[in-house]
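Listed below, chain by chain, are the residues.
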Amino acid sequence: MKNALELQNVSKSFKGFETKDMTFSLPEGCILGLVGKNGAGKSTTIRLIMDMIHKDSGTIYVLGKNIEEDFTETKQDIGVVLDEPSFPEYVTADQMNNIMKNIYRNWDEKRYYELIDQFELPKWKKQFKNYSKGMKMKLSIICAMAHRPKLLILDEATTGLDPVVRDEVLDLFLEFIQDEDCSIFFSSHITSDIQKIADYVILIHQGKIIFEE
């Protein structure tokens, strides 16, 4: 079985915090849940995987590619939702579609608008800066999924969503991995969400892996 994601002895130290010797893999077609308290190192791990911050040591493979090689092409096949969604403040959902189709070659406009309708987001008048936290997260998830990625990387993606919408989103994730080429790496401190959908779980504490199951 191929791995969608593989970390080998990855370390990164900051002032007062370090992630140390992180080693784990996510088999293709599966969901891996990363659990830990706020501040345990979940977001740091995701930023390392996305090469948003540079590791001090170790090796990271995403969709079979070492991220130290040309990572730009690989990013076309990754959908990312960060814990703080950041889109231009003044865009509407409709304008977001125009931006995204110029970024992603596999952008699926029809799928985008289906999800906008499903999650009842306003298309035209309301600007991103006037969205609630839950609405921002919904738009972020929709944008991550509408370019048909092979790997979804989700950082606290269900935080701020009401329980009904959270269940809808989790169902969407389960539907996504029905395609065996698709995989999800999902960090959360909401353990019930991880229990509901994850095939594998890693518990992280103070930047170290405590157990894998």
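Everything below is about the structure shown above.
Residues numbered from 1 in each chain as written. Predicted model: local features only at pLDDT ≥ 70, side-chain atom pairs only at ≥ 80, totals over all residues. Heavy atoms only, no water.

**Q** How would you summarise the pattern of salt bridges if you had to cite specific residues and measurements?
**A** Going through the model one piece at a time under the given rule, you end up with 14 salt bridges. The partner of glutamate 109 in a salt bridge is lysine 101, with the nearest N and O atoms 3.1 Å apart. Measuring nitrogen to oxygen at the nearest pair gives 2.7 Å for the salt bridge that ties lysine 123 to aspartate 117. In this structure, a network of salt bridges that share partners links the residues Lys110, Arg111, Glu114 and Glu175. (Salt bridge = Lys/Arg side-chain N within 4 Å of Asp/Glu carboxyl O.)

**Q** Could you give an account of helix H4 (residues 109–118), with specific residues and numbers?
**A** An α-helical turn contains 3.6 residues, so any two residues separated by three or four positions project in the same direction. For H4, the complete set of buried residues consists of Arg111, Tyr112, Tyr113, Leu115 and Ile116. Residues of H4 that are buried sit in contact with helix H3 (93–101), helix H5 (133–145) and helix H6 (163–176). The opening residue of H4 is aspartate 108, an N-cap whose side-chain oxygen sits 3.3 Å from the backbone nitrogen of lysine 110. (Buried < 20%, exposed > 50% of the residue type's maximum accessible area, 1.4 Å probe, protein only. Helix = DSSP H or I, 4+ residues; strand = E, 2+ residues; numbered from the N terminus. Contact = heavy atoms within 4.5 Å. Polar contact = N/O pair within 3.5 Å; in protein donor to acceptor, adjacent residues only side chain to side chain.)

**Q** Tell me about the packing of H3 against H4, and please be specific about residues and values.
**A** With their axes 11 Å apart at the nearest point, H3 and H4 run at an angle of 150 degrees to one another. When the interaxial angle is binned, H3 and H4 end up roughly antiparallel. Handedness of the H3/H4 crossing: right-handed. Of the residues in H4, those touching H3 at Ala93, Asp94, Met96, Asn97 and Lys101 are Glu109, Tyr112, Tyr113 and Ile116. (Axes fitted to C-alpha atoms, helices over the stretch in contact; angles between N-to-C directions. Parallel < 35°, antiparallel > 145°, perpendicular 65-115°, else oblique. Left-handed = near helix turned anticlockwise from the far one by under 90°.)

**Q** Mind laying out the nonpolar core, listing which residues take part and the relevant values?
**A** Formed by 44 residues in total, the largest nonpolar core has its most connected members in Tyr112, Leu139, Ile141, Phe173, Ile184 and Phe186. Going through the elements one at a time, strand E3 (31–35), H3, H4, H5, strand E7 (151–155), H6, strand E8 (183–188) and helix H7 (191–197) are the ones with two or more residues in this core. With 8 residues, H5 is the single largest residue contributor to this core. Those residues within four positions of isoleucine 184 in sequence are excluded, and the remaining contacts are Leu26, Cys30, Ile31, Leu32, Leu151, Leu152, Leu154, Phe173, Phe176 and Ile177. In this structure, Ala4, Phe24, Ile60 and Ile153 belong to the second largest nonpolar core, which totals 26 residues. (Core = buried A, V, L, I, M, F, W, Y, C linked by side-chain atoms within 4.5 Å.)

**Q** Give a detailed account of the environment of methionine 22, specifying residues and quantitative values.
**A** For methionine 22, the position within the fold is in strand E2 (residues 17–27). Once residues lying within four places of it in the same chain are set aside, the contact partners of methionine 22 are Leu7, Gln8, Asn9, Val10, Thr45, Ile204, Gly207 and Ile209.

**Q** Residue-level account of the sheet that holds E3, with values.
**A** Ordered in space as E6-E7-E8-E3-E9-E10, the 6 strands form an open sheet in which the pairing is mixed. The two strands at the open ends of the sheet, each matched to only one other strand, are strand E6 (78–81) and strand E10 (208–212). Mean inter-strand twist for the sheet, computed between neighbouring axes without regard to direction, equals 15 degrees. Looking at chain direction, E7 and E8 are connected through 5 bridges and run parallel. (Pairing = 2+ DSSP bridges.)

**Q** So what's going on with the packing of aromatic side chains? Which residues, and what values?
**A** Two descriptors summarise a pair of aromatic rings, namely the distance from one centre to the other and the angle between the planes of the rings. If you walk through the whole model with that rule in mind, you get 6 aromatic pairs. Taken together, a centroid distance of 5.3 Å and an interplanar angle of 65 degrees make the contact between phenylalanine 87 and phenylalanine 128 edge-to-face. One end of the pair, phenylalanine 87, is in the loop between E6 and H3; the other, phenylalanine 128, is in the loop between H4 and H5, with 41 residues separating them in the sequence. The two residues phenylalanine 87 and phenylalanine 128 agree in class, both being buried. Here the aromatic rings of phenylalanine 128 and tyrosine 131 are separated by 5.7 Å at their centres, their planes lie at 50 degrees, and the arrangement is tilted. Among the aromatic residues, ring-to-ring pairing joins Phe87, Phe128 and Tyr131 into one connected group. (Phe/Tyr/Trp six-rings, centres within 6.5 Å; stacked < 30°, edge-to-face > 60°.)

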